[in-house]
Each structure stands twice: as structure tokens, then as C-alpha cells.
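Residue strings, one per chain:
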Amino acid sequence: MKTGKWCAIGLVVLTVWIADSAYSSTFRLKNVPEAYARLEGAIVEEDTASITIMTQDNVLVKDRDSIEIVQRTPAEDKQFIAQYGPSNAVYQEYLKQKNKLPVTPAAETKSAAQPGEKFLLRYRFNKGETSYLIYHATGEITTKTGKLDVPVGNNIKIIKTILTRDISPDGFASLLLGTNLFIVETQTGANRRKVDQTSQFKGKGETVEYDSRGVRKTGENFLKATLEGGTGSATDQINQFLFTVLPGKEIAIGERWTDELKYDIPGGGQPFVFQIESVLDDVIMEDGAKVALITTTTSLNVKDFSLDPQKAGVGSNLPQYAGQKITIQNMTMRQVAKSRFEIERGQLSTVNESSDIQISMTLPGNQTVVTGIKMEATRTYTKQKPS
């Protein structure tokens, strides 16, 4: 079974809002519904192409064309940074490696590649080594059932541990994944709820295998996690897509590589096929090290897919559907990811993801559900344990 890649459907986004973060600059995200367009935080860096903002628990880099500064408060921003900066793990990493957050091409460092120079990009796993993934996703999911149309905003933060337990003779790294933090904030209309669900993962872990290109060996839980949703699905989906898929050979700036990755779905009549196209945008120097800038576009198009939930293992959150048929009339997904890969260290530093997903399916009882998801997510990879 060839492994596949799943983009975290359950971690949804269009916008960011920060609760109880008074005394800082305010912003409005463009091309976003007004109810979700507000953003508050401190300006930490800006140029003609982009602006970098620290929120309570994240650092965001936004293109000037995608955001409007509603109110600029330099003095209050300093107070905001002093108050929330020490506990913001992403901001602390930003301070130590300032130039390693994704920025727009106009703000990039000058290219370090020689004409025609080729680069071999490979992950380097070291047995016994522990690293951390800080994942912050925000967005909106709209579900329409009959005449009922319900938009729900989400703000999710997850911190995972990645322990390299062993490396097999065929080059697969056995990784033990744990969850150190899981906080979910949802908003439906005027109702906002924030829940710390970290305790549900205490003492639990999952072992997965990845090769040096960042391709997972197996991915059995993919569709089950997607359909069931809930707390567990978010971590399952991250576990199944930890790394940007690298090229199979040495490549030069501007060269592209493609992958067709499949998931066999138990209880389904056909596999899910992800079309992945990547390009090496540039190689730049940061803190004396070469960093590869990669853009990856992933697409999925599924039509008339019939699923037996019982065979697929679906049922913990959908017991009423166990043993019956679910039909996906149409499911389309497009995700664009901007990655920074440290060549000599063989490690990712950051990934910015933006996804658009549309799903139309019929549940038992001839009930049709149409779901639309807009998402943005930021991944920060670090060796230092987040505080």
C-alpha cells in the first residue's frame, strides 16, 4: 500500500480572532466575512510587502494586500508583547530564529543558489532525538443540512512531541507521536467556547513510520478521522501528514516534482488519490545556513464514493450510521503550502498552509449535508520544548 498525505480537514480557517487581548493594534482581514475578519495583536515587523503580527499564542505573517491596519498602537503593542510574549512559544522561537518564518517573496533574502546548482533535499532522523511541532489553525466551517445553514469558527492550538525511536534498514524512521497541548476555541454566532482537552491525550501516543522524503508508510486512519471529527481526529490528521514531501532526486531552482499518493479506504470501492505538485522556489541563506523555499499544491477530487461505515471503522461519533451507506457525491480540496526546509540539518522550520475544501454527501435516511471549509494553519518545528 503506497502511503498518502492528508491535509487536516478538521482544522478549519478563514480568519483569526483573539479573545481578551485589549491594548494592541487591530486589523481587518480582507475578503473574509465581517463576523470573522477582526484580528488583534502587536506589530513586530513590517516592510512594503508584508506585516508580521504577534497574537496571544502565535506569530502571523500577512501579505499587505490581504490585511488592513484598522488602528496602530505602538505603545500598547509593546505592553501586549511584554504581557503575552514570554508565554507565546511561537514568538520565543521567532526571536531566536527571526528570519525563519514564512514571508512574501518580496521580503525574502537574496538567493544563495548558483546558476544550475542542484540540491538534494532529505530529512535527517536521529535515533533517540525529540523535536516538537507547534500547530495553530484557525478558520470557519459552514455546514448546510436542508434549510439549516450553520457557520462555526474554530481556533485550535496543538503541540506535539516527535520522538525518533528507531530507523529501519530500509530507511523508514519509526516516530512516537505524543500530544502535549490541545486547546480548542469555537464560535457559533455570539457563543464562544474555549476548552483545554489536553488531559484526554495524557499517556497516549501513536507510532508512525516516515521515509527520508517525508512520505508516510501507512495511513489507515485517514477517512475515519475525517468523517468522525472531534478531538481525536485533529491529532490523527496531523499525525498522518507531519512533513512536506521532498523530491526524489537532486533539483535546481524552479524545478518541479509531482507525486500521486493513494489511500485505500476500508469499506469503500475506490482509493482516494491526492495529486501533489511541488516547486523549489529558491534557496536562501539564514543564520549562515541554506534554507530551501518550497511551494506545494495538493488537490483531491472525489465523485460518487460509497462507504460502508462499519467496515471503515466509523461509528464512535456516528453510531446511528454503523453498517449503513454514506455516499459522497462530490469532494474537492485544494491546499497550498509554503515550507522552509533547512538543507544541512535536514529539518523543516516552518510551514504555512491555506486550504479550501467542499464536501457534499448523503447520509442514511437520504439526508444531504453540504460542508464548506476555509482554513489557514501555521506549523513551527523546533528542538526546544515549548513552555
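Predicted model, so just to flag it, every value in this text is computed and none were measured.

1. Comments concerning the confidence of the model for the chain
So, point 1. Looking at the chain as a whole, its pLDDT mean stands at 79, while 78% of the residues score no less than 70.
So, point 2. Of all secondary-structure elements in the chain, the lowest mean pLDDT belongs to helix H3 (residues 222–228), at 52, while strand E6 (residues 118–119) reaches the highest, 95.
So, point 3. Per-residue pLDDT stays below 50 along residues 1–22; that stretch engages in 116 contacts with residues further than four places along the chain or on separate chains.

2. Some details on the pattern of salt bridges
So, point 1. Inspection of the entire model under this criterion finds 17 salt bridges.
So, point 2. The residue Glu 68 makes a salt bridge to Arg 28 at a minimum N-O spacing of 3.9 Å. Placement of Glu 68 in strand E5 (residues 67–71) and of Arg 28 in strand E1 (residues 25–29) is noted, with a sequence separation of 40 residues between them.
So, point 3. For Glu 68, a relative accessible area of 36% translates into the label partly exposed.
So, point 4. Take Arg 28: its relative accessible area is 28%, and that puts it in the partly exposed class.
So, point 5. Note that Lys 62 and Glu 376 form a salt bridge whose closest N and O atoms lie 2.7 Å from each other.

3. So, the pairing of strand E8 (residues 148–167)
So, point 1. Strand direction decides the pairing type here: strand E7 (residues 130–145) and E8, joined by 16 bridges, are antiparallel. Bridge pairing links Ser 131 to Ile 162 in E8.
So, point 2. Two successive antiparallel strands, E7 and E8, enclose a turn made up of 2 residues, where Gly 146 displays a positive phi of approximately 65°.
So, point 3. When E8 meets strand E9 (residues 173–188), the two strands line up antiparallel, connected through 14 bridges. Note on E9: the bridge partner recorded for Leu 163 is Leu 176.

4. Regarding the environment of Ser 354
So, point 1. Residue placement: Ser 354 occurs in strand E17 (residues 347–363).
So, point 2. Expressed as a C-alpha distance, the spacing of Ser 354 and Val 336, which sit 18 residues apart in the sequence, is 5.4 Å.

Each value, and the rule that gives it
- Residues numbered from 1 in each chain as written.
- Predicted model: local features only at pLDDT ≥ 70, side-chain atom pairs only at ≥ 80, totals over all residues.
- Heavy atoms only, no water.
- pLDDT = per-residue confidence, 0-100.
- Helix = DSSP H or I, 4+ residues; strand = E, 2+ residues; numbered from the N terminus.
- Contact = heavy atoms within 4.5 Å.
- Salt bridge = Lys/Arg side-chain N within 4 Å of Asp/Glu carboxyl O.
- Buried < 20%, exposed > 50% of the residue type's maximum accessible area, 1.4 Å probe, protein only.
- Pairing = 2+ DSSP bridges.

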